[in-house]
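Given next are the chains, with one letter for each unit.
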Amino acid sequence: MNLHEYQGKSILAKYGVPIQRGYVADTVEEALAAYDKLKEETGGDAAIVKAQIHAGGRGKGGGVKFSKDREAVKENSEAILGMMLKTPQTPGGMDGAGKKVNKILIAEDAYAPDFDACKEYYVSILMDRAAKTNVIIHSTEGGMDIEEVAEKTPHLVHTTYLDPEQGMQGFHAREVAFNLGLSGQAFKNMVKFISKLYQAYLGSDSSMIEINPCMHNTAKDDEIIAVDCKFSLDANALYRHKDLAAMRDVTEEDPVEVEAGEYGLNYVNLDGNVGCMVNGAGLAMATMDIIKLSGGEPANFLDVGGTADAARVEKAFRMILSDDKVEAILINIFGGIVRCDRVAQGVIDAYKNIGDIKVPIIVRLQGTNADIAKKMIDESGLNVKSAVLLQDAADRVKEVLA
């Protein structure tokens, strides 16, 4: 589950990680009130207006604005609130529709009093699944172009691995500070920063924390602070964090995926032309492979679970059909817990309830009462084709896409 910058920073602050101070606002009036409060605390006239969406690269799309005074905060807040912000990480990239900005963060000017006295780094903590361990990725080249740095100058990106059983040791944090070329008080501050950041990562059951930029200000006693924050939580651990689960912003998520979750369906929207409906994540992945081998592209990942009753099948149908790129639907169900004939009846009922379905449907049912189910599909009189083997299903998909 992804969080907004202001939400991630609130978690970091709880664990003692130094952050760029700021207050979130939904309206221009709230933004000005936030500015007044911030000015009273910091004594500075300047502030930063930052769009709050679940995507990086906001500055490239005009979603982060330096504001020299209160009037500039007002102008920038009016411009950013409600805008469709396009960044390299929003759907479709800079050429896509973008994401609507519903909230902004009014943040302190962390680069004061001397911009040239500040140095930006990149720091992130995540799980390296291949290595089966946590890793701190860090670089001296922080900022909006970190992806380009990783691609063109990979030697500038460092990794420090942490065994989950041993946890973070002192030498891990020192290694990061050393790789970033720090010394003296800045070295000590970075060691503290990394140690507390890892505590926040573990304590919140995070799947990733990315600080970019992590800023070193030599004009402020070599302070190290998180100027930006991208924070992702492990959804499987949210039952342990009711307060963090409450931070979910469904307006930032795919509405179809949100609806699927409400019905107990595991759905992920993709860019292909063949919709798939499967029970079981492993079989769903295999089904997506079948689609690829048949010359198609999966339009979605959809696991209806072990209780694929008529109501759930119909809801799954409607979600798949809401994607106008879908040219065919492949249903691949193994009847272990649920009987195949019951699934077949669900497919038939859903088809009739929905009405005129334009795209062809291939149904492969294996397991309990599979023979009965196949007969039901074949005799339904609907535009539904049955398959027995995986290869049969692949051939059917290829046939309808030809």
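Trainee: How should I be thinking about the packing of aromatic side chains in this particular structure?
Mentor: Ring pairs (aromatic) are described by centroid distance and by the angle formed between their planes. The full count for this structure, using the stated rule, is 2 aromatic pairs. With 5.9 Å between their ring centres and 25 degrees between their planes, tyrosine 198 and tyrosine 201 make a pair best called stacked. One end of the pair, tyrosine 198, and the other, tyrosine 201, are both in helix H6 (residues 184-203), 3 residues apart, so they sit about a helical turn from each other. The residues tyrosine 198 and tyrosine 201 share a single accessibility class, namely buried.

Trainee: In this structure, what is going on with unusual backbone geometry? I would like to understand it.
Mentor: Excluding glycine, most residues fall at negative phi; most peptide bonds, likewise, are trans. Backbone torsion omega between alanine 112 and proline 113 reads 0 degrees, so that peptide bond is classified as cis. Inspection of the secondary structure puts proline 113 in the loop between strand S7 (104-108) and strand S8 (118-128). In the segment running from asparagine 212 into proline 213, the intervening peptide bond is cis, with an omega of 10 degrees. With respect to the secondary-structure elements, proline 213 resides in strand S11 (residues 206-217). Positive phi values are uncommon outside glycine, yet lysine 132 reaches one of about 55 degrees. The residue lysine 132 is located in the loop between S8 and strand S9 (133-139) in this model.

Trainee: Help me understand the environment of lysine 374 in this model?
Mentor: Residue position: lysine 374 is located in helix H12 (residues 370-378). Of the residues examined, lysine 374 reaches a relative accessible area of 33% and is grouped as partly exposed. C-alpha separation for the pair lysine 374 and serine 386, spaced 12 residues apart in sequence, amounts to 6.3 Å. Look past the residues within four positions of lysine 374 in its chain and what remains in contact with it is Ser386 and Val388.

Trainee: Would you take a moment to explain helix H2 (residues 28-42) for this structure?
Mentor: At 3.6 residues per turn, the α-helix brings residues three or four places apart onto the same side. With 15 residues, H2 should cover 21 Å at 1.5 Å per step; its first-to-last C-alpha distance of 21 Å lies within 8% of that length. The complete set of buried residues in H2 reads Val28, Ala31, Leu32, Ala34, Tyr35 and Leu38. Looking down the long axis of H2, one finds its buried residues gathered within 160 degrees of arc, a one-sided arrangement. Exposed residues on H2 whose side chains face more than 90 degrees from its buried face are Glu29 and Glu40. In this structure, the buried side of H2 is in contact with strand S2 (22-25), strand S3 (47-51), helix H3 (70-80) and S7. Downstream of H2 by one or two residues, glycine 43 has phi in the positive range, about 80 degrees.

The rules behind each value
- Residues numbered from 1 in each chain as written.
- Predicted model: local features only at pLDDT ≥ 70, side-chain atom pairs only at ≥ 80, totals over all residues.
- Heavy atoms only, no water.
- Phe/Tyr/Trp six-rings, centres within 6.5 Å; stacked < 30°, edge-to-face > 60°.
- Helix = DSSP H or I, 4+ residues; strand = E, 2+ residues; numbered from the N terminus.
- Buried < 20%, exposed > 50% of the residue type's maximum accessible area, 1.4 Å probe, protein only.
- Contact = heavy atoms within 4.5 Å.
- Expected span 1.5 Å × (residues − 1).
- Arc of directions from axis to C-beta.

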